[in-house]
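# Inside the fold
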Amino acid sequence: MECSKLVYGYKDRKEVIEYRLVNDQGNVFRCLNYGAVVTAIEVPDTSGQIENVVLGFNNLKDYMEDSPYFGAIVGRVAGRIKHGRWGKYQLSKNEGQNHIHGGSQNFSQVVWDSEIITGADYIGVLFTHTSPHDDNGYPGNLKVQVRYYWTNDNCWKMEITAVTDETTLFNPTNHTYFNLSGNVKRTILEHTLQISSDTFAETDRDKCPTGRLLFVEGTPFDFRKPVRLGHAIHEQPSGYDTPFKLTSGFIQLFDDGSGRKLTIQTDREAVVVFSTTGMDEEYLVAGENMSSHRGIALETQELPDAVHHPQFQSIVIHPGRTYTYQTEYHFSVEDSLS
Ligand code: G6D
């Protein structure tokens, strides 16, 4: 295993570093200390061709100006908080009347302290960031650590920990968009998706949960068995920007054409699936304009807007404890889904 670092640019005179982690199979994981962004994951298809399976840019300027959270750690709280309101606290409103993804200059837009970490079967990076009291209206100084481990069996393990000195909110996620075809050769419409989820959160027209959890049975939200995304999106033409409540923390994405499979295992309550439907943008990804279905974000987290829905898992954290959240993304190949 080996790790190299290169200077990727500067933000506010702080050095932005790209880490390139290579495992014993020669497969590569790249990340930045800006936003703890995962810039590339390069893994083989069934014929051994190593290609990138995540969406990203190739320069810091694009990450700072255009990024829809490509590869980034998002927080303090991922997703929307209706009216930015939590009890007596008014959080910043950065999407109409609501708060989203932690507000402005959130975790995805700051330069984290970073260092290389190594172990018997992994190489990794530890990122540390302290969000100050009143950051976007949140109380408490919050120290967050993110560890990315890249293992010899092509597993990216992510561990997020936090400690606070005042009761506050915490619901981070990683916002990587996957496309297993390799170097964004095809859209995700030929991928199949499976999610261990019986229910999903109904959302209002601002995409905030109403509090109702609906059964997936008989709806285009039923991914309990693998479903081809092209078929699913035909049934659900507006696509997915949907919080699914997980039953066992298992999610699987598979691309027939390349045989690449991504198996996710998480200890989080939910996954928000964002299919990028209608995302026609000016900026370039892998040499072409960003457009619908060039990637799919699978954001493991607690259900959004939990502060307004006591039936959702609480995202309130207290001083005196370290909170830990884990998600593993395992890449492999298979001729067809068994
Ligand atoms: C999140 O749920 C949201 C989307 O609505 C948003 O557009 C995207 O982040 C950038 O997944």
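Please refer to the structure higher up on the page.
Read on for a plain summary of the structure. (Residues numbered from 1 in each chain as written. Predicted model: local features only at pLDDT ≥ 70, side-chain atom pairs only at ≥ 80, totals over all residues. Heavy atoms only, no water.)

### Considerations on the overall build of the chain
When helices and strands are counted, the chain shows two helices and 30 strands. Radius of gyration (C-alpha) of the chain: 19 Å, near the 20 Å computed for a compact globule of 338 residues. In terms of its C-alpha atoms, the chain occupies a principal-axis envelope of roughly 55 × 50 × 40 Å. Here the chain holds 338 residues, and 57% of them are scored as buried. The contacts of the chain with a sequence gap of at least 6 include a subset with a gap of at least 24, amounting to 65%. One way to put it: in the chain the 30 positive side-chain charges average out to a point 4 Å from where the 44 negative ones average out. (Helix = DSSP H or I, 4+ residues; strand = E, 2+ residues; numbered from the N terminus. Rg over C-alpha atoms; globule rule 2.2 N^0.38 Å. Buried < 20%, exposed > 50% of the residue type's maximum accessible area, 1.4 Å probe, protein only. Contact = heavy atoms within 4.5 Å. Lys, Arg positive; Asp, Glu negative; His and termini not counted. Charge placed at Lys NZ, Arg CZ, Asp CG, Glu CD.)

### Quick word on the packing of aromatic side chains
Taken as a whole and judged by the stated rule, the model has 24 aromatic pairs. Summarising the aromatic geometry, the rings of W86 and Y89 are spaced 5.2 Å apart at their centres and angled 25 degrees between planes, so their arrangement reads as stacked. On the numbers, 6.3 Å between centres and 45 degrees between planes, the contact of F221 with F244 is tilted. Residue F221 is found in the loop between strand 20 (209-215) and strand 21 (227-228), and its partner F244 is found in strand 22 (residues 241-245); the two are separated by 23 residues along the sequence. (Phe/Tyr/Trp six-rings, centres within 6.5 Å; stacked < 30°, edge-to-face > 60°.)

### Description of the sheet that holds strand 1 (residues 2-11)
As summarised here, the arrangement of the five strands in space is 1-2-3-4-5, forming an open sheet in which the pairing is antiparallel. The open sheet has two free edges, formed respectively by strand 1 and strand 5 (50-52), since each of these has just one partner strand. Across the sheet, the mean angle from the axis of one strand to that of its neighbour is 15 degrees, orientation sign disregarded. The pairing of strand 1 with strand 2 (residues 14-22) spans nine bridges and is classified as antiparallel. Note that in strand 2 the partner of L6 across the bridge is E18. (Pairing = 2+ DSSP bridges. Axes fitted to C-alpha atoms, helices over the stretch in contact; angles between N-to-C directions.)

### Digging into the sheet that holds strand 14 (residues 155-164)
Here nine strands make up an open sheet; going across it, the order is 11-12-13-14-30-24-23-18-21 and the pairing antiparallel. Across the chains shown, the open sheet's two edge strands, defined by having one partner strand only, are strand 11 (113-119) and strand 21. The pairing of strand 23 (residues 250-255) with strand 24 (residues 260-266) spans six bridges and is classified as antiparallel. Bridge assignment links Q252 to a residue of strand 24, and that residue is T263.

### Side note on the site of the ligand
Around the ligand sit Y69, R80, H101, H175, Y177, K207, D241, F274 and E299, and those are all the residues in its vicinity. Note that an oxygen atom of the ligand is positioned 3.0 Å from one of the side-chain N or O atoms of H101. Within the side chain of D241, one N or O atom sits 2.4 Å away from an oxygen atom of the ligand. For the ligand, whose free accessible area comes to 290 Å², the fraction covered by protein is 86%. (Near = heavy atom within 4 Å. Polar contact = N/O pair within 3.5 Å; in protein donor to acceptor, adjacent residues only side chain to side chain. Areas by Shrake-Rupley, 256 points an atom, 1.4 Å probe, with all protein chains shown as cover.)

### Re the pairing of strand 20
Examined bridge by bridge, strand 19 (residues 199-203) and strand 20 share four bridges and lie antiparallel to one another. For T199, the partnering residue across the bridge sits in strand 20 and is F215. Here strand 19 hands over to strand 20 after five residues, with K207 in that stretch at a positive phi of 65 degrees.

### A few points about the pairing of strand 11
The pairing of strand 11 with strand 12 (residues 122-131) spans seven bridges and is classified as antiparallel. Note that in strand 12 the partner of D113 across the bridge is T128. Two successive antiparallel strands, strand 11 and strand 12, enclose a turn made up of two residues.

### Quick word on the pattern of salt bridges
The full count for this structure, using the stated rule, is 20 salt bridges. The residue E51 makes a salt bridge to R260 at a minimum N-O spacing of 3.0 Å. Taken together, the residues E51 in strand 5 and R260 in strand 24 connect sequence positions 209 residues apart. By relative accessible area, which is 6% here, E51 ends up buried. Note on R260: relative accessible area 1%, which makes it buried. (Salt bridge = Lys/Arg side-chain N within 4 Å of Asp/Glu carboxyl O.)

Geometric values such as these leave the question of function open.
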